[in-house]
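Structural description and commentary
Letter by letter, the chains look like this.
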Amino acid sequence: MREFLWIILIVIGFFWIVGKCSEEDNTIISDKRTYESSWRQATNEELFTISKLMVKNSITGCGEYHIKEIENGEYIIACTRDGKNWKYYVAWPNIDKIYLASVDMEKKLKPPY
């Protein structure tokens, strides 16, 4: 009986470790949807929410932007002031966070047009 419990604990531990490893590999940087999905214009609600988040974080120079919603409430934002030079941000409006995209992500992203 004791050996059976140890086997069960080892199997549970194995699956827990495998699950943790796969979570770490599944980030927005490695998520295919980040690069394969198309850019689109923000809806009025998204425009209000994202603009408010940008102002709160002192992000300027975004006269125009396009978005990709990777998951519910998780966005990639392509931002430009001149239609030629783009900056990319990762935003989570639900938790009030926005960050400049990493260099690795920026290299893989294509401008909206």
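Scroll up a little and you will see the structure.
None of these values were measured; they are calculated from a predicted model. Counting starts from 1 at the beginning of each chain's written sequence and moves along it residue by residue. A pLDDT threshold of at least 70 governs which residues receive local features in this predicted model, and a stricter bar of 80 or more applies before side-chain atom pairs are shown or counted, although totals over entire chains, interfaces and linings include all residues. For the side-chain quantities, the full set of heavy atoms in the structure was used; hydrogens and water were omitted.

Some details on a nonpolar patch on the surface
- Nonpolar side chains (Val, Leu, Ile, Met, Phe, Trp, Tyr) are joined into patches within 5 Å and like charges within 9 Å, using only residues with over 30% relative accessible area and no salt bridge. Computed with a 1.4 Å probe, the accessible areas rest on the Shrake-Rupley method; for each residue, only the protein chains presented here act as cover. In what follows, salt bridge is the name for a side-chain nitrogen of Lys or Arg lying within 4 Å of a carboxyl oxygen of Asp or Glu. The grouping of Met1, Phe4, Ile8 and Ile12 at the surface amounts to a nonpolar patch, some 470 Å² of accessible area in total.
- A residue is classified by how much of its surface remains accessible, and Phe4, at 51% relative accessible area, is exposed. Each residue gets one of three labels from its accessible area relative to the maximum for its type: buried under 20%, exposed over 50%, partly exposed in between, using a 1.4 Å probe on protein chains only.

Topic: the packing of aromatic side chains
- Think of it this way: a Phe, Tyr or Trp ring, Trp meaning its six-membered ring, pairs with another when their centres are within 6.5 Å, and the plane angle makes it stacked under 30 degrees, edge-to-face over 60, tilted otherwise. For the structure shown, the criterion picks out three aromatic pairs.
- Ring geometry for Trp86 and Tyr113: centres 5.4 Å apart, planes at 85 degrees, overall edge-to-face. Highlighted residues: Trp86 in strand S3 (residues 86-92) and Tyr113 in the segment after helix H4 (103-108), separated in sequence by 27 residues.
- Seen from their ring centres, Trp92 and Tyr99 are 5.9 Å apart, and the 65 degrees between their planes marks the pair as edge-to-face.
- Exposure remark for Tyr99: the relative accessible area of 46% places this residue in the partly exposed category. Working definition: helices are DSSP H or I runs of at least four residues, strands are E runs of at least two. Numbering for both runs from the N terminus.

Brief notes about the state of the cysteines
- Only a pair of cysteine sulfur atoms within 2.5 Å counts as a disulfide in this structure description. This structure, assessed with the given rule, holds one disulfide.
- Disulfide pairing places Cys62 opposite Cys79 at an S-S distance of 1.6 Å. Around the S-S axis, the bridge from Cys62 to Cys79 shows a dihedral of about -110 degrees and counts as left-handed. A residue pair is termed long-range when its members are at least 10 positions apart, and Cys62 in the loop between helix H3 (44-56) and strand S1 (64-71) and Cys79 in strand S2 (residues 74-80) qualify at 17 residues. Across the pair, exposure class does not vary: Cys62 and Cys79 are buried alike.

Regarding the sheet that holds S2
- Strand order in this open sheet of four strands is S1-S2-S3-S4, and the pairing throughout is antiparallel. Here the strands that pair on one side only, and so sit at the sheet edges, are S1 and strand S4 (97-100). Strand-to-strand twist in this sheet, taken as the mean axis angle between neighbours without regard to direction, amounts to 25 degrees.
- Two strands qualify as a pair provided DSSP detects at least 2 bridges between them. Two elements, S1 and S2, share seven bridges in a ladder whose sense is antiparallel. Within S2, the residue paired with Lys68 across the bridge is Ile76. Axis definition: a line fitted to C-alpha atoms, limited for helices to the stretch in contact. Angles are taken between N-to-C directions and run from 0 to 180 degrees.

With respect to the pairing of S2
- Of all seven residues that make up S2, seven are buried, and the element is covered over most of its length.
- Side-chain alternation along S2 places Glu74, Ile76, Ala78 and Thr80 on one buried face and Tyr75, Ile77 and Cys79 on a second face that is also buried.
- Hairpin connection from S1 to S2: two residues lie between these consecutive antiparallel strands, with Gly73 at a positive phi of about 85 degrees.
- Alignment of S2 against S3, held across six bridges, turns out to be antiparallel. Its bridge partner being in S3, Ile76 is matched across the sheet by Val90.
- Hairpin geometry of S2 and S3 is characterised by an intervening segment of five residues between the two adjacent antiparallel strands and by a positive phi of about 80 degrees at Gly83.

Focus: the nonpolar core
- Here, nonpolar core refers to any group of buried Ala, Val, Leu, Ile, Met, Phe, Trp, Tyr and Cys residues whose side-chain atoms link them within 4.5 Å. Formed by 14 residues in total, the largest nonpolar core has its most connected members in Met54, Tyr65, Ile77, Tyr89 and Ile98.
- Within the residue set of this core, elements represented by two or more residues are H3, S1, S2 and S3.
- Any two residues whose heavy atoms approach within 4.5 Å are treated as being in contact. Sequence-distant contacts of Tyr65, defined by excluding residues within four places in its chain, comprise Gln41, Ala42, Glu46, Leu47, Ile50, Ser51, Met54, Ile77, Ala78 and Cys79.
- Core analysis: the second largest hydrophobic core is formed by 10 residues, Trp39, Ile76, Tyr88 and Leu109 among them.

The quantities given are spatial measurements derived from coordinates; they are silent on function.
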